[in-house]
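Residue strings, one per chain:
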Amino acid sequence: MNQRERLLSAFETYLRVERGYSVHTLRNYFADLNALADFLAHRRSSLARANPKALREFIGLQAVRYAPATVARRKASIKTFYKFLVREGELQSSPAALLPATRLPKPLPDVLTRGEAESLMEGGEETDPLDTLRNRAMVELLYATGMRVSELAALDLGDLDLARLEARIRRGKGKRARIAFFGEPARTALQAYLPTRHQWHAGRPDDALFFGKRGKRISDRSVRRALDRFSPSVGKPVHPHMLRHSFATHMLELGADIRTIQELLGHASLGTTQKYT
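Residues numbered from 1 in each chain as written. Predicted model: local features only at pLDDT ≥ 70, side-chain atom pairs only at ≥ 80, totals over all residues. Heavy atoms only, no water.

Caption draft 1: Spatial organisation of the layout of surface pockets. The volume enclosed by the second largest pocket comes to roughly 310 Å³. For the lining of the second largest pocket, the elements supplying multiple residues, two or more each, are helix 6 (129-145) and helix 9 (220-228). (1 Å grid on protein atoms, 1.4 Å probe; cavity = no way out; pocket = protein on both sides within 12 Å on 5 of 7 lines; lining within 4 Å. Points joined across faces, edges and corners; volume = space filled by probe spheres on them. Helix = DSSP H or I, 4+ residues; strand = E, 2+ residues; numbered from the N terminus.)

As structure tokens, this is what we get:
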């Protein structure tokens, strides 16, 4: 294992184990850092020997080629990586410490109206009734709780309490556990799905609440594909985070306070939640 591989492997373990980052976030981080490593290699340098000037040149090149949001993400990835190297004693100081932060305008999230949300729940009719029951249960639960798609996919059957209308999220972002609450429509959809659950995992022991076509725990991608089937019912593309944004916006419209919404969404910072106000 060369030095580049060793440093990136250690950083990957840190992000995955200590920070609890998702596979999608890790993929972005390493696309950014490998791009930087390739840039430095062409200049006969390396990740461990980079200096502030080289990092500024790299960011400047990114600004020419990519959208501001991508440049901001790459800058954040680099700053986090070098803070980690200092923490681990690989470097005495971070060459990225003086990279200026990129301030981006924060557009309001895309949301469904409450009428569109009702129409969405009535969509998703599939040829196979098993698909319909599973998909409607997932969509109802996503909208009712505001949970992330990764949190939905990680749910076990034992995390569900239909009597109390609760779902225990044990693997939230940053490893923060919380209780998510849902209402009667989600319970009804789950009660319709659960008697068919055993038909998904083909008799193999598995604690997962939802399964994909191969009888294994459903993946984030499969949840997104299932949600795509509901989009025609509202006449526009619908993605899982739109349901999360819609949940927060509708809760606010119905009088919930911002602190309560922060807890329900599992946000570490109130500032993240305040984009809905």
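Caption draft 2: Just the pattern of salt bridges, in detail. Using the criterion set out here, one finds 19 salt bridges in the structure. The shortest N-O distance in the salt bridge between K213 and D131 comes to 3.0 Å. One end of the pair, K213, is in the loop between helix 8 (184-193) and helix 9; the other, D131, is in helix 6, and 82 residues separate them in sequence. On the basis of relative accessible area, K213 is assigned to the exposed category, the value being 64%. A relative accessible area of 10% means that D131 is categorised as buried. Linking R148 and E151 is a salt bridge whose minimum nitrogen-to-oxygen distance equals 2.6 Å. The residues R148 and E151 share a single accessibility class, namely buried. (Salt bridge = Lys/Arg side-chain N within 4 Å of Asp/Glu carboxyl O. Buried < 20%, exposed > 50% of the residue type's maximum accessible area, 1.4 Å probe, protein only.)

Caption draft 3: Spatial organisation of helix 2 (residues 23-42). Along its 20 residues, helix 2 runs 29 Å from first to last C-alpha, staying within 8% of the 28 Å computed at 1.5 Å per residue. Listed as buried for helix 2 are L26, Y29, F30, D32, L33, L36, A37, F39 and L40. In the core, the buried residues of helix 2 are packed alongside helix 1 (3-18), helix 3 (52-65) and helix 4 (68-87). Immediately downstream of helix 2, the backbone of R44 shows phi near 60 degrees, a positive value. (Expected span 1.5 Å × (residues − 1). Contact = heavy atoms within 4.5 Å.)

Caption draft 4: Up close: the sheet that holds strand 2 (residues 166-169). Strand order in the open sheet formed by three strands is 1-2-3, and the pairing between neighbours is antiparallel. Either end of the sheet is taken by a strand with one partner, and the two such strands are strand 1 (160-161) and strand 3 (178-181). (Pairing = 2+ DSSP bridges.)

Caption draft 5: View of the packing of aromatic side chains. In the structure shown here, the tally under the stated rule is 10 aromatic pairs. Both rings, one in F11 and one in F81, keep their centres 5.2 Å apart while their planes meet at 75 degrees; by these two values the pair is edge-to-face. Taken together, the residues F11 in helix 1 and F81 in helix 4 connect sequence positions 70 residues apart. Residue classification places F11 among the buried positions, given a relative accessible area of 0%. Its relative accessible area of 0% is what places F81 among the buried residues. Where Y21 meets Y29, the ring centres are 5.7 Å apart and the plane angle is 35 degrees; that geometry is what we call tilted. The residues Y21 and Y29 share a single accessibility class, namely buried. Grouping aromatic residues by their ring pairs yields a cluster made of F11, Y14, Y21, Y29, F30, F81, Y82 and F84. Across the ring face of Y66, the terminal group of R74 is positioned such that the distance to the ring centre comes to 5.0 Å. (Phe/Tyr/Trp six-rings, centres within 6.5 Å; stacked < 30°, edge-to-face > 60°. Lys NZ or Arg CZ within 6 Å of the ring centre and 35° of its normal.)

Caption draft 6: Structural view of the environment of K79. Along the chain, the position of K79 falls in helix 4. K79 gets classed as partly exposed once you look at its relative accessible area, which sits at 24%.

Caption draft 7: Highlighting unusual backbone geometry. For R44, which is not glycine, the phi torsion reads 60 degrees and is therefore positive. For R44, the location among the structural elements is in the loop between helix 2 and helix 3. Its relative accessible area of 76% is what places R44 among the exposed residues. Phi is positive for L165, which is not a glycine, with a value near 55 degrees. Within the secondary structure, L165 sits in the loop between strand 1 and strand 2.

Caption draft 8: Examining the side chain of T132 more closely. Looking at where T132 falls in the secondary structure, it is placed in helix 6. You can call T132 buried: its relative accessible area is 6%.

Caption draft 9: Summary view of the nonpolar core. With 39 residues, the main nonpolar core has L120, L141, M147, L152, F210 and L243 as its most contacted residues. Counting residues per element, the ones that place at least two in this core are helix 5 (114-121), helix 6, helix 7 (149-153), strand 2, helix 8, helix 9 and helix 10 (240-253). The element best represented in this core is helix 6, accounting for six residues. Each residue touching L152, except ones within four places of it in the same chain, is listed here: M138, L141, L142, M147, F210 and V223. L8, L33, F81 and A96 belong to the second-largest nonpolar core, a separate cluster that totals 29 residues. (Core = buried A, V, L, I, M, F, W, Y, C linked by side-chain atoms within 4.5 Å.)

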